[in-house]
Amino acid sequence: MRVSSPRMAALLLTGGRVVDPANRLDAKTDVLISEGKITAVGADAAKKAPRDAERMAVDGLVVCPGLIDLHVHLREPGQTSKETLATGTAAAARGGFTSVVCMPNTSPAIDNAGTVALIRERAVQQGIVNVFVTGAISKNIAGEELAPIGGLKRAGIVAITDDGHCVQNNDLMRRACEYAKMFDLPVMDHCQDYSLVTDGVMHEGYWSTVLGLRGWPSAGEEVIVARNILLAELTGAKIHCQHLSAAGSVALLREAKKRGVPISGEACPHHFTLTDAAVAGSEKFWASDGKTLLTLNPQLSTLNWPSYDANFKMNPPLRSARDREAVLEGLADGTIEILCSDHAPHCDYEKEVEFDYAPFGITGLETELALSLMQIVHAKRISLPDLIAKFTVNPARLLNLNKGTLSAGADADVTVFDPDREWIFEHAATASKSANSPFFGWKLKGKAVATIVGGKKVWAENSELVAA
Ligand SMILES: [Zn+2]
């Protein structure tokens, strides 16, 4: 339910496990919010609270800086049958996200200052969480001519990317990096070499052969990750590789970071939960790569889906068990510093076609926290604070956002979640305008309970949490 209470004067969250990686804090304590800012964290928060402060008992729950998803398709302008700023940000709030970064592959593309201004204005009017905007690298995301990067920066973008596409011309990409560095903008790249990938629809390997589908080889990603490492080194620009899916990409990134190259990467839950075997149907998946998931979550074996289900079609594609393991290792050792959803809504009628013809992408804002907790924290790969850092301080640092911390004086963007709550992702409960998720019906573990943006509760699972 959306809680539309007026802006409250003060809010005291009591007794939660407060985890703020930016301040290396992990303690059972209180958080005081007033006038939209964090006022105090710690034992004295309750003492400082005005008598009329609203109190929210959050014992047993985690309180952390508002989660940031730096890779979201909100589909405005032009594709509002898939998602809108209102529905996309509602899905974000429900998933525990207080800030999202929207991608520019809209219709028209976000490649000029006017469109940036339009989205920022509409986001304030219609969005319930913070929306940060990225601008295109190239005009109309065509990969031929640079977009006006300086003008985009002045209009308020936080990064440039041609996401959904990839600049193939290395010289154009070099110029983009040089401009981006001049304007202190990171360059985010969807790594896909067109000559290697051509019209591939799933990972090139055993299952693409069995299923008779055209393959999208790992090298199609790795070649561009390597290109980006070289260009980051050459230009000094910060390049961020989006939705890494292949083992070779992780290895390249690990080696480059050791040398101090300004390169970074992100991973999405579908790539470290599922594999290409899922495209062959649930029976094949649970009998092969799904086994390791089942040891942690035996209840999942009851889930069924057919072969060639287009909700398992994304770009980059689901890869092999070895790639999935490499992405998890990259997350565990810090090679991959950022988690995100690549939330990519599409209408039912678009996805309900043959696998070959369906668009790439799935929704993800409402399931990414749970899937990340399950695969990374509950599976004991990294600690809870390290996971929270990948959703807060790390994306904030990459994009120079004044977010991702509970420091006194910071914007009161706060997420309250229960890391152990078991729940089922129901079709009827999604706030997104689209329902192209492979995770409907999954029994997940970990759930947002309240989402606070600028001191205001924009979503809460249960209004009874708000004690008088
Ligand atoms: Zn992409």
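Residues numbered from 1 in each chain as written. Predicted model: local features only at pLDDT ≥ 70, side-chain atom pairs only at ≥ 80, totals over all residues. Heavy atoms only, no water.

Undergrad: Teacher, can you tell me more about the pairing of strand β5 (residues 62-65) here?
TA: Consecutive side chains along a regular strand alternate between the two faces of the sheet. In this sheet, β5 lies alongside strand β1 (residues 10-20) in parallel orientation, the contact comprising two bridges. For R17, the partnering residue across the bridge sits in β5 and is V62. With four bridges joining them, β5 and strand β16 (residues 414-424) adopt antiparallel strand pairing. Residue V62 lies in a different strand from β16, and its bridge partner there is F417. (Pairing = 2+ DSSP bridges. Helix = DSSP H or I, 4+ residues; strand = E, 2+ residues; numbered from the N terminus.)

Undergrad: Teacher, can you tell me more about unusual backbone geometry here?
TA: Leaving glycine out, the prevailing phi sign among residues is negative, and the prevailing peptide bond configuration is trans. For the bond from S107 to P108, the omega torsion is 0°, close enough to zero to count as cis. Relative to the helices and strands, P108 resides in the loop between β7 (97-102) and α3 (113-126). Of note, the amide linkage connecting N315 to P316 takes the cis form, showing an omega dihedral of 0°. Mapped onto the elements, P316 comes out in the loop between α12 (291-296) and α13 (321-332). If you check the backbone angles, Y308 has positive phi at about 60° while not being a glycine. When its relative accessible area of 37% is taken as the criterion, Y308 is described as partly exposed. (Buried < 20%, exposed > 50% of the residue type's maximum accessible area, 1.4 Å probe, protein only.)

Undergrad: Before we go on, may I ask you to explain the pattern of salt bridges in this structure?
TA: If you walk through the whole model with that rule in mind, you get 26 salt bridges. Here D26 makes a salt bridge to R17, at a shortest N to O gap of 2.9 Å. Classification of R17 by relative accessible area gives partly exposed; the value is 34%. The salt bridge involving R175 is made with D171; its shortest N-O contact spans 3.2 Å. Taken together, the residues R175 and D171, both in helix α5 (residues 170-182) and four residues apart, mark about one turn of the helix. Owing to a relative accessible area of 36%, R175 belongs among the partly exposed residues under this scheme. Taking the relative accessible area as the measure of exposure, D171 reaches 40% and is therefore partly exposed. (Salt bridge = Lys/Arg side-chain N within 4 Å of Asp/Glu carboxyl O.)

Undergrad: Explanation requested: the packing of aromatic side chains in the structure shown.
TA: When we look at a pair of aromatic rings, we describe it by the centre distance and by the angle of the planes. Overall, the coordinates contain 11 aromatic pairs when judged by the stated rule. Ring centres 5.9 Å apart and planes at 45° place the aromatic pair W286 and W442 in the tilted group. Within this pair, whereas W286 is found in helix α11 (residues 282-287), its partner W442 is found in the loop between β16 and β17 (443-453), the two being separated by 156 residues in sequence. Grouping residues by exposure puts W286 and W442 together as buried. (Phe/Tyr/Trp six-rings, centres within 6.5 Å; stacked < 30°, edge-to-face > 60°.)

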